[in-house]
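# Per-entry structural report
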Amino acid sequence: IMFSKSLNEKEYLLFRFRNSVNGNYSGVQLYKQRYNIHKALAMYGKKLNEDFEWGIGLNFSKGFRNRTSLLPFVLYNRNFNDKWAIESALPAFVFVRRNLNMQTLLLGGLEYSGQSYRLDVEEAAQPLDYAYNHSEILASVQMERQLSQWIWLNIKVGYQYNLSSDFESKSAISPEFKVEPSHAPFLRIGLFLSPPEHMIK
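Residues numbered from 1 in each chain as written. Predicted model: local features only at pLDDT ≥ 70, side-chain atom pairs only at ≥ 80, totals over all residues. Heavy atoms only, no water.

### Considerations on the overall build of the chain
A tally of helices and strands in the chain yields 1 helix and 12 strands. Element order for the chain, N to C, with α for helix and β for strand: β-β-β-β-β-β-β-β-β-β-β-β-α. The principal-axis extent of the C-alpha atoms belonging to the chain is close to 60 × 40 × 30 Å. Expressed as a percentage of its 201 residues, the buried residues of the chain come to 30%. (Helix = DSSP H or I, 4+ residues; strand = E, 2+ residues; numbered from the N terminus. Buried < 20%, exposed > 50% of the residue type's maximum accessible area, 1.4 Å probe, protein only.)

Structure representation (structure tokens):
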């Protein structure tokens, strides 16, 4: 759920609330504390003109790891000309954008990604319970191409550098341990929907 509030012609407030359910559960689990991760975002933004926008905000997260995090971030988006731009929300990501034409653009940069996943191991002699936590840095180049008025193609290629992967114990009988997955190149291809520019305006 996202809310925005315009303060004046240039300044605005943005709030976002999200609940995700991560785990190897069966059936429908729309809301269950065992698997839930709650996230909230609050940001003050200022769009000085059509080519320059900045903002500051806070990210809140709490879930089954029983840890609460509150992290600041800085938004910085700028068009230097018709061809080159930068898109960033530091320290989460920073991308340089190259507009090839109205239907095609390229992005290259770095992004940080972290996930937690509740893992039940019932095949063991005694059921084990873990929170699997993983973080990584992705260096990538991607192309976005408009296929039709609403449909875009995304092709992303890069290298994944793994920072940490650990199985955090969530029960007295589950031994904690860490793993070291190999760093590796990756390729992702996908489609997404985006309304035409005249509908947004």
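Now that the structure is up, let's keep going.
### Here's the deal with the environment of Tyr35
Along the chain, Tyr35 turns up in the loop between β2 (11-21) and β3 (36-49). Sequence separation between Tyr35 and Pro185 is 150 residues, and the spatial gap between their C-alpha atoms is 30 Å. Those residues in contact with Tyr35, other than ones at most four positions away along the chain, are Ser20, Val21, Asn22, Gly23, Tyr25, Phe64, Arg118 and Asp120. (Contact = heavy atoms within 4.5 Å.)

### Structural notes on the pairing of strand β6 (residues 84-90)
The pairing of strand β5 (residues 68-79) with β6 spans 6 bridges and is antiparallel. Considered in β6, the bridge of Tyr76 is made with Ser88. If you look at the hairpin formed by β5 and β6, you'll find 4 residues sitting between the two strands. Across 6 bridges, β6 lies against strand β7 (residues 93-99) in antiparallel orientation. (Pairing = 2+ DSSP bridges.)

### A short note on the nonpolar core
Grouped together as the largest cluster of nonpolar side chains are 7 residues: Tyr12, Leu14, Leu41, Met43, Phe73, Leu75 and Ala89. Looking at this core, the elements that each hand over two or more residues are β2, β3 and β5. (Core = buried A, V, L, I, M, F, W, Y, C linked by side-chain atoms within 4.5 Å.)

### Description of the pattern of salt bridges
Under the criterion given, the structure shown has 7 salt bridges. Measuring nitrogen to oxygen at the nearest pair gives 4.0 Å for the salt bridge that ties Glu50 to Lys47. Looking at Glu50, the relative accessible area reads 65%, which means it is exposed. In this structure, Arg97 engages Glu87 in a salt bridge whose closest nitrogen and oxygen atoms are separated by 2.5 Å. With a gap of 10 residues between them, Arg97 in strand β7 and Glu87 in strand β6 connect regions that are remote in the sequence. Sharing partners across several salt bridges, the network here consists of Arg34, Arg118, Asp120 and Asp129. (Salt bridge = Lys/Arg side-chain N within 4 Å of Asp/Glu carboxyl O.)

### Re a nonpolar patch on the surface
On the surface, Leu110, Tyr112, Ile137, Tyr159, Tyr161 and Leu163 cluster together into a nonpolar patch covering about 580 Å² of accessible area. Contributing elements (two or more residues each) for the nonpolar patch: β8 (104-121) and β10 (151-169). Examined against the element boundaries, Ile137 turns out to sit in strand β9 (residues 128-146). On the basis of relative accessible area, Ile137 is assigned to the partly exposed category, the value being 34%. (Patch = residues over 30% accessible without salt bridge, like charges linked within 9 Å, V, L, I, M, F, W, Y side chains within 5 Å. Areas by Shrake-Rupley, 256 points an atom, 1.4 Å probe, with all protein chains shown as cover.)

### Here's the deal with the pairing of strand β12 (residues 184-193)
Little of β12 sits out of view: just 1 of its 10 residues are buried. The sheet contact formed by β10 and β12 spans 10 bridges and is antiparallel. Within β12, the position partnered with Gly158 by the bridge is Phe186.

### A short note on the side chain of Lys156
Examined against the element boundaries, Lys156 turns out to sit in strand β10. Of the residues examined, Lys156 reaches a relative accessible area of 9% and is grouped as buried. In this structure the side chain of Lys156 is engaged in a polar contact, spanning 2.5 Å, whose partner is the side chain of Glu111. Not counting residues within four places of it along the chain, the set of residues in contact with Lys156 comprises Glu111, Ser140, Val141, Gln142, Phe186, Leu187 and Arg188. (Polar contact = N/O pair within 3.5 Å; in protein donor to acceptor, adjacent residues only side chain to side chain.)

In short, shape yes, function no, at least from these values alone.
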